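# Descriptive analysis of the structure
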Amino acid sequence: MRSVRDRRLPALPRLCPTAPPSPVFWDLYCAAPDRRETCEHSSEAKAFHDYNRVSAARGGPGRGLCPVTRRCVLQVLDSQYGLYVWPCAVVLAQYVWFHRTTLRGKRVLEIGAGVSLPGLVAAKCGAEVILSDSEELPQCLENCRKSCLLNDLPDVPVIGLTWGRVSPELLSLAPVDIILGSDVFFEPKDFEDILTTVYFLMEKNPHAQFWTTYQVRSADWSIEALLCKWKLKNTHVPLQSFNADKEHLASSSLPGRHTIEMMIISLARSDGT
């Protein structure tokens, strides 16, 4: 991935009471402990992500505001990666919401879904969504199903797909338009398996795009050579272009750097562009 210098994200500006708030997500479990819900005798906790929806039917400052819509995902305070709402998921969900008007009827597959926040938002925006995670991680798959039920989406399919493995589930997948993946480029040993799976899907769906967010953990990690090997290209998407360059979106209460980047991966042309 690109070498990106760490930067201090700007604080969220205060909004004028008459101005319609921009559609944003935030992790209330981390940002507002007084509003968290926990289950006694359990390590499970619900993380809520709220956003405001502005109706296109009415114009003018402050008009057309609908009640806050809440997405609820079940996160488990566990060391297993796929059971926590990482900052990348919040940023990718923001991108999905920002492009909500283009998603109705689109066929969307989320890989490495974990708690499934981006996929759930896509489903609520009218997309035909399939959620997937490794078939070797049954707890993650079960968490996907629970998140669907919490959001009144019982019919969203949840399947086991292991990166780099050609399985009956992968071979029988219906056509897709968009592939979602938040923070899937976590372990360098998985990078090629991820891109192998993405390439396989794009060979069957040449116009598909892979929307993915990642956290900059090392300037030495790169997928450029693998993209070239698998005849793929990537386009960087600035966070400010979809209102995601806000501290409460792209940061985290977890220790360490939290510089988030987004890119769109697609098939390269025969000339490599």
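This report concerns the structure included in the present document. Since we're looking at a predicted model, the values are computed, not measured.

## A short note on the sheet that holds strand β7 (residues 178-182)
- The strand order across the open sheet built from seven strands is β6-β5-β4-β7-β8-β10-β9, with neighbouring strands paired in mixed fashion. In this open sheet, the two edge strands, each paired with only one partner strand, are β6 (158-160) and β9 (232-237). The average angle at which neighbouring strand axes cross in this sheet is 25°, direction not considered.
- Across six bridges, β9 lies against strand β10 (residues 260-267) in antiparallel orientation. The residue bridging H236 from the neighbouring strand is M263, located in β10.
- In the packing of helix α2 (residues 87-98) onto the sheet, the strands contacted are β7, β8 (209-215), β9 and β10, and the crossing angle to β8 comes to about 145°.

## As for the packing of aromatic side chains
- In this structure the tally under the stated criterion is six aromatic pairs.
- When the ring of Y199 is compared with that of W230, the centres are 5.5 Å apart and the planes differ by 50°; the resulting orientation is tilted. With Y199 in helix α6 (residues 191-204) and W230 in the loop between α7 (224-229) and β9, the pair connects residues that are 31 residues apart, well separated along the chain.
- By relative accessible area, which is 17% here, Y199 ends up buried.
- Residue classification places W230 among the partly exposed positions, given a relative accessible area of 21%.
- Joined through ring pairs, the aromatic side chains of F185, F191, F210 and W221 make up one cluster.
- Over the aromatic face of W97 sits the side chain of R100, whose NZ or CZ is 4.0 Å from the ring centroid.

## Quick word on helix α4 (residues 138-150)
- Helix length check: α4 (13 residues) gives 18 Å between terminal C-alpha atoms against 18 Å at 1.5 Å per residue, within 8%.
- Three or more residues of α4 are buried, namely C140, L141, N143, C144, S147 and C148. Buried residues of α4, seen end-on, are gathered within an arc of 155° and therefore sit on one face of the element. Turned more than 90 degrees away from the buried face of α4, the exposed residues are P138 and L149.
- Phi turns positive one or two residues past the end of α4, at D152, with a value near 55°.

## Thoughts on unusual backbone geometry
- Positive phi is not limited to glycine here, since S116 has a value of about 75°.
- Note that S116 resides in the loop between β4 (107-110) and α3 (117-124).
- Take S116: its relative accessible area is 0%, and that puts it in the buried class.

## Concerning the environment of L170
- Looking at where L170 falls in the secondary structure, it is placed in helix α5 (residues 168-171).
- Residue L170 is classed as buried on the basis of its relative accessible area, which comes to 3%.

## Focus: the environment of E128
- In this fold, E128 is placed in strand β5 (residues 128-133).
- Between the C-alpha atom of E128 and that of R107, which follows or precedes it by 21 residues, the distance is 4.8 Å.
- Excluding anything up to four places from it in sequence, E128 contacts G105, K106, R107 and V108.

Parameters at a glance
Residues numbered from 1 in each chain as written. Predicted model: local features only at pLDDT ≥ 70, side-chain atom pairs only at ≥ 80, totals over all residues. Heavy atoms only, no water. Pairing = 2+ DSSP bridges. Helix = DSSP H or I, 4+ residues; strand = E, 2+ residues; numbered from the N terminus. Axes fitted to C-alpha atoms, helices over the stretch in contact; angles between N-to-C directions. Contact = heavy atoms within 4.5 Å. Phe/Tyr/Trp six-rings, centres within 6.5 Å; stacked < 30°, edge-to-face > 60°. Buried < 20%, exposed > 50% of the residue type's maximum accessible area, 1.4 Å probe, protein only. Lys NZ or Arg CZ within 6 Å of the ring centre and 35° of its normal. Expected span 1.5 Å × (residues − 1). Arc of directions from axis to C-beta.

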